[in-house]
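# Topology and contacts: notes
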Amino acid sequence: MNSARPIRYILVITLVLCTAWSAALRVLPRPALAESNYEANRLRLENWMLGPAAPAVLVGTSISGRLLPSDFDGTRLAGLANLGLDGASPETGLRLVLMREPPAPLVLLEMHLLGKRPGLNDRQLLDLATGVGLKVSRYLPLTRADARPSTVLYGWLKSKQVGTEIAAESEVAAAPDTATDPALAATNAAAMDPEWLDRIGPLIRRIQERGSRVVLVRLPAGKNDPASPESPNEADQIAGELGVPLVDLLRRARREGLTVSYSDGLHLSPPSAHAVAGLLVTALENEGLVQPARQGNEPNRQ
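A few points on the structure.

In this section: the pairing of strand β2 (residues 81-84). The alternating pattern of β2 places Ala81 and Leu83 and Asn82 and Gly84 on opposite faces, both of which are buried. Pairing analysis gives four bridges linking strand β1 (residues 56-60) to β2, with the strands arranged parallel. Bridged to Gly60 within β2 is Gly84.

Before going further, it helps to spend a moment on the side chain of Asp86. Topologically, Asp86 is positioned in the loop between β2 and α4 (90-99). Sequence-distant contacts of Asp86, that is, excluding residues within four places in its chain, are made with Asn37, Ala40, Asn41, Arg44, Ser62 and Asn121.

Turning our attention to the pattern of salt bridges. Enumeration over the complete set of coordinates arrives at 14 salt bridges. Of the charged contacts, one joins Glu46 and Arg42 as a salt bridge, the two residues approaching to 2.9 Å between their closest N and O atoms. Of the two residues, Glu46 and Arg42 are both situated in helix α2 (residues 37-50); the distance of four residues between them amounts to about one turn of the helix. Judged on exposure class, the residue Glu46 and its partner Arg42 are both buried. The closest approach of N and O atoms between Asp248 and Arg251, which form a salt bridge, is 3.3 Å. Among the charged side chains, a network of salt bridges with common partners joins Glu35, Glu39, Arg42, Glu46 and Arg148.

Thresholds applied
Residues numbered from 1 in each chain as written. Predicted model: local features only at pLDDT ≥ 70, side-chain atom pairs only at ≥ 80, totals over all residues. Heavy atoms only, no water. Buried < 20%, exposed > 50% of the residue type's maximum accessible area, 1.4 Å probe, protein only. Helix = DSSP H or I, 4+ residues; strand = E, 2+ residues; numbered from the N terminus. Pairing = 2+ DSSP bridges. Contact = heavy atoms within 4.5 Å. Salt bridge = Lys/Arg side-chain N within 4 Å of Asp/Glu carboxyl O.

Listed below in structure tokens is the structure:
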């Protein structure tokens, strides 16, 4: 009988702590960033699969993962979901798009590494999306990535850092107008599947059949950028093969004289990610791919 007391105490303490943390989560900001690639991917996946319906979803690699949902606040794309998955193939993001109901009206597909072969990381993410863990998280929110104390703390600290950098308009590691880095190009080429179109094309058609509009997006990618983006290149070819419109933010950034900086020569720095997000919204509005936001920063709804 006495041996049961410690168990009861542990259960009571656990219940009290869970209740207190649940109350704290009601007032704490939910993280958009996480302390590891896996947790960051899990965070984005759960927000997409379990969060509110989004007006648009950005699908791609860690390049597009740098564009935070908060970068679109007050615009036509407010509430955008981000499936820019670290170390994964964009194909995995497209498969996740097909798993969500209702479908997002707009699917923005990053062109970088679009033909990358899925690997172990992709398998883990798809297993997570279809496994018991996600079903548990649907009914027990405390098990979600955005409820982990370490992720909440990390996300809060990073959001303060990002906000400070954006406010200061800091620029770091600006990429020169040079050709694609040869070593990086060779690495990327080795990861490509020559038959990528046979896999990606049907996924895009299935998404379109659900009523979603698919738009190909080229983001500035530092060492991956061509020396002369104005000339016809891979972006135009891919858009033509897929039969979808192209929004080329690298071309637009250079035409408008936007200085783009990178944290590591490849991924956008926070100030540049914020600026490129605004450029994306403007480009979509100018191309008639979304309706302009109403005055007073009130976004339209399709």
